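So the chains spell out like this:
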Amino acid sequence: MIYRITYDNKSRKLAHPVKNREELMALRNSQQNLDNLNKARQGDEKAKADLLQLAYNLGHVEGLIAGCKSQGSFFFHDVDCYDAEQSDAFKELILSKKETIGLMMLWNYDS
């Protein structure tokens, strides 16, 4: 399960399930998130902090994040790249080690 992370007015971290790929892409491609991404790439730290936050595995032995109902059975990584060349290099490296790391899926999103 993928969760969108937000904070309440007491700075507590909350998790909201992202129900499907369409919802994920709508969040990722929202104008606010894209504007923050452009500003973050120019060094704006506030915009970087305001980028969409996702968590792919929130399993803890005790005390799940508020809003989380289950533990994840997979471990996910999110790699941020700022140009196509770097992204392609990471993708090739990951694919070359797919058996070693037990890769089950690789999503490559263009910005």
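Structure shown above.
Reading guide: rules and limits
- Residues numbered from 1 in each chain as written.
- Predicted model: local features only at pLDDT ≥ 70, side-chain atom pairs only at ≥ 80, totals over all residues.
- Heavy atoms only, no water.
- Helix = DSSP H or I, 4+ residues; strand = E, 2+ residues; numbered from the N terminus.
- Buried < 20%, exposed > 50% of the residue type's maximum accessible area, 1.4 Å probe, protein only.
- Contact = heavy atoms within 4.5 Å.
- Areas by Shrake-Rupley, 256 points an atom, 1.4 Å probe, with all protein chains shown as cover.
- Pairing = 2+ DSSP bridges.
- Axes fitted to C-alpha atoms, helices over the stretch in contact; angles between N-to-C directions.
- 1 Å grid on protein atoms, 1.4 Å probe; cavity = no way out; pocket = protein on both sides within 12 Å on 5 of 7 lines; lining within 4 Å.
- Points joined across faces, edges and corners; volume = space filled by probe spheres on them.
- Nonpolar A, V, L, I, M, F, W, Y, C, P; charged D, E, K, R; others polar.

Colleague: Help me out: how do you make sense of the overall build of the chain in this one?
Modeller: A tally of regular secondary structure across the chain gives 5 helices and 3 strands. N-terminal to C-terminal, the α/β element order of the chain is β-β-α-α-α-β-α-α. By residue count, 18% of the 111 residues in the chain fall in the buried class. The long-range fraction of contacts in the chain, counting pairs at least 24 apart against all pairs at least 6 apart in sequence, stands at 41%. Element-wise, carbon and sulfur atoms account for 51% of the exposed surface of the chain, whose accessible area totals about 8700 Å².

Colleague: It is not clear to me how the sheet that holds strand E1 (residues 2-7) should be interpreted in this structure. Could you clarify?
Modeller: Sheet strands associate in pairs through backbone hydrogen bonding, adopting either a parallel or an antiparallel arrangement. Here 3 strands make up an open sheet; going across it, the order is E2-E1-E3 and the pairing antiparallel. A strand with exactly one partner marks an edge of an open sheet, and here the two such strands are strand E2 (13-18) and strand E3 (54-55). The sheet contact formed by E1 and E2 spans 6 bridges and is antiparallel. Considered in E2, the bridge of Tyr7 is made with Lys13. Lying on the sheet, helix H1 (residues 21-28) is in contact with E1, E2 and E3; it crosses E2 at an angle near 130°.

Colleague: Quick question: what am I supposed to make of the environment of Cys81 here?
Modeller: If you trace the backbone, Cys81 turns up in the loop between E3 and helix H4 (84-96). Those residues in contact with Cys81, other than ones at most four positions away along the chain, are Arg41, Gln86, Ser87 and Phe90.

Colleague: For this particular structure, what's the right way to read the layout of surface pockets?
Modeller: Rolled over the atoms, a probe sized like a water molecule indicates the empty space that remains. Taken as a whole, the second largest pocket spans an internal volume of roughly 280 Å³. Taken together, 14 residues make up the lining of the second largest pocket; nearest its centre are Gln32, Asp50, Leu51, Leu52 and Gln53. Mapped onto the lining of the second largest pocket, the elements with two or more residues apiece are E1 and helix H2 (31-41). Tallied by class, the residues present in the lining of the second largest pocket amount to 6 nonpolar, 6 polar and 2 charged.

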